[in-house]
Amino acid sequence: MMKDYIQSKDYRKFLEENHIVLSDWDKATLIYQAPGMSHYDKILALLEIKKQTGDQCLQVQIEERLDRDHRLYEEYKKCNGNAYYRLSEFFNGRYDAGDIYLWFKDAYADGKKTGAKFRIEKELFACKKQSGDTDGVFGMVEFNEQGYIQKILWMYERNQESDFKRKENDESERFEERYVDLPLFYRRGDIVHVIGTEYIGIVNEPTDDTEEEKYRNMAKKGDYSDFQVAVNLMFDGDNFLSVFAHDHIQPTNLEYAVFDDEDPRKGFLEYIRQVLYEHKTNTLFSCEERKAERIREILSKLEIVWRQYPDMRLGQLLLNVCGNCDFFSIEDDELLKQLQYNQFPIDSRTV
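Residues numbered from 1 in each chain as written. Predicted model: local features only at pLDDT ≥ 70, side-chain atom pairs only at ≥ 80, totals over all residues. Heavy atoms only, no water.

A. Looking closely at the pairing of strand β6 (residues 191–194). Going residue by residue along β6, you find I191 and H193 tucked away on one face and V192 and V194 tucked away on the opposite face as well. Pairing of β6 with strand β7 (residues 199–205), which is carried by three bridges, proceeds in the antiparallel orientation. Directly across from H193, in β7, lies its bridge partner I200. Linkage of β6 to β7, two consecutive antiparallel strands, is achieved through a turn of four residues, within which G196 is found at a positive phi near 90 degrees. The pairing of β6 with strand β11 (residues 254–256) spans three bridges and is antiparallel. Counterpart to H193 in the pairing with β11 is E255. (Buried < 20%, exposed > 50% of the residue type's maximum accessible area, 1.4 Å probe, protein only. Helix = DSSP H or I, 4+ residues; strand = E, 2+ residues; numbered from the N terminus. Pairing = 2+ DSSP bridges.)

The following block contains the structure:
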């Protein structure tokens, strides 16, 4: 069952190899927060935890949570008049938000027409507020392409944020949002894939065991959102993202990225990793190791060659000059040599 709430095979392997045993509280929290687990499977898994655990406090909390979610959802279903439905289609490894509908059946019908995976989100908040309705159940629920509830994104009634507010002098914490004190596993420079998407990125932190220990000691007072590692996202599928695209992702939802040898993303990411995390001098953003004068020299030689073959596009010209090489990694002095001595020789008398 671990694979259902810990999707990362790399993280599961790490736990198993290091004989790390999850407590019943850890399991309950990870199940409730599992991004790829259906609502129905979460209920069954939590009921199993409740059945086998000897911790009465956890048993009570699981029963409270399941009873509350069921009760609120039954009320939520009655609020069609003040709801809207958003259809999202699966594209390039993620769900892209699309059209908005007044009725679930219309959103569902259009979703089926696409022939692709889709989901529908029902929101009861802005519509109810706008209509002056401040009673009843507020929230947002996600449905899968079969029309079944996939996930309760959030839900509460009468503008009360939570039915489980901690009582005075009550030191217990709710299993749903508690911080899971487990190893973060991944380290700076690891090239990873975000499970359930086509996002590929490079882990930014933690750097080492010492940094992880400091973070975990600090995060023990936090909640589940602090069980995370920082990732610089580089690709969404084959689409390059800004190197400043940044996210914090739970390690149970990350795995090492695997590429074919011919995949150009592999060399690019390895180079970026070296530049950002291995070189003492960040040569990607500072030119301390390269002379600025080379820019004029390269452009001058390139212009000479290009004027000899003006019908070629720049991309064609460079491919003919440099051949089948890695344009991202080629050094400028090598490019100068290619411009000077390749099949488009530069007449030195014109320089």
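There's more to say after this.
B. A look at a nonpolar patch on the surface. On the surface, Y40, L44 and L47 cluster together into a nonpolar patch covering about 300 Å² of accessible area. Tracing the sequence through the fold places Y40 in helix α4 (residues 39–52). (Patch = residues over 30% accessible without salt bridge, like charges linked within 9 Å, V, L, I, M, F, W, Y side chains within 5 Å. Areas by Shrake-Rupley, 256 points an atom, 1.4 Å probe, with all protein chains shown as cover. Salt bridge = Lys/Arg side-chain N within 4 Å of Asp/Glu carboxyl O.)

C. Highlighting the environment of L233. Tracing the backbone shows L233 in strand β8 (residues 229–236). Considered as a pair, L233 and N204 are 29 residues apart in the sequence and their alpha carbons are 9.8 Å apart. With sequence-adjacent residues up to four places away left out, L233 is seen in contact with V194, Y199, I200, G201, L241, S242, A245, D247 and I249. (Contact = heavy atoms within 4.5 Å.)

D. Local environment of unusual backbone geometry. Residues E205 and P206 are joined by a peptide bond in cis, for which omega reads 10 degrees. The residue P206 is located in the loop between β7 and α8 (209–219) in this model. Phi at F185 takes a positive value of approximately 70 degrees, unusual for a residue other than glycine. Locating F185 in the fold gives a position in the loop between β5 (149–157) and β6.

E. Here's a closer look at the sheet that holds strand β1 (residues 84–91). Reading across the sheet, the five strands line up as β2-β1-β3-β4-β5 and stay open at both edges, with antiparallel pairing between neighbours. Looking at strand neighbours, the two that pair on one side only are β2 (94–101) and β5, the edges of this open sheet. Each neighbouring strand pair of the sheet contributes to a mean axis angle of 15 degrees, computed without reference to strand direction. Note: β1 against β2, six bridges, orientation antiparallel. Directly across from S88, in β2, lies its bridge partner A97. (Axes fitted to C-alpha atoms, helices over the stretch in contact; angles between N-to-C directions.)

F. Looking closely at the pairing of β5. Judged from the seven bridges that link them, strand β4 (residues 137–143) and β5 form a sheet pairing that is antiparallel. Of the residues in β5, the one forming a bridge with E142 is K151. The antiparallel hairpin formed by β4 and β5 contains five residues in its connecting segment, where G147 sits at a positive phi of about 90 degrees.

G. Focus on the pattern of salt bridges. Scanning the entire structure with this criterion turns up 25 salt bridges. Here E121 makes a salt bridge to R119, at a shortest N to O gap of 3.6 Å. E121 gets classed as buried once you look at its relative accessible area, which sits at 10%. R216 is paired through a salt bridge with E212; the nearest N and O atoms lie 3.2 Å apart. Placement of both R216 and E212 in helix α8 is noted, with a separation of four residues, approximately one turn of the helix. For E212, a relative accessible area of 5% translates into the label buried. Via salt bridges that share partners, E64, R65, R68, D69, R174 and E176 belong to a single interconnected network.

H. The nonpolar core, seen in detail. Core analysis: the largest hydrophobic core is formed by 38 residues, its most contacted members being L30 and F227. Mapped onto this core, the elements with two or more residues apiece are α2 (9–17), α3 (24–33), α4, α5 (56–76), β6, β7 and β8. If one sorts the elements of this core by residue count, α3 sits on top with five residues. Not counting residues within four places of it along the chain, the set of residues in contact with L30 comprises Y5, I6, L22, V180, L182, Y224, F227 and T252. Counting 18 residues, the second largest nonpolar core, distinct from the first, contains Y76, L87, F143 and I152. (Core = buried A, V, L, I, M, F, W, Y, C linked by side-chain atoms within 4.5 Å.)

I. Spatial organisation of the packing of aromatic side chains. Evaluation of the coordinates by the stated rule reveals 16 aromatic pairs. Their ring planes at 70 degrees and their centres at 6.0 Å tell us that Y11 and F185 sit as a pair that is edge-to-face. Separated by 174 residues along the polypeptide, Y11 in helix α2 and F185 in the loop between β5 and β6 bring together distant segments of the chain. What makes Y11 buried here is its relative accessible area of 0%. Taking relative accessible area as the criterion, F185 reaches 18% and is therefore assigned buried. Three or more aromatic residues link up through ring pairs in this structure, and these residues are Y11, F14, F185, Y186 and Y256. One residue, K117, lies across the ring of F90, its end atom 4.6 Å from the ring centre. (Phe/Tyr/Trp six-rings, centres within 6.5 Å; stacked < 30°, edge-to-face > 60°. Lys NZ or Arg CZ within 6 Å of the ring centre and 35° of its normal.)

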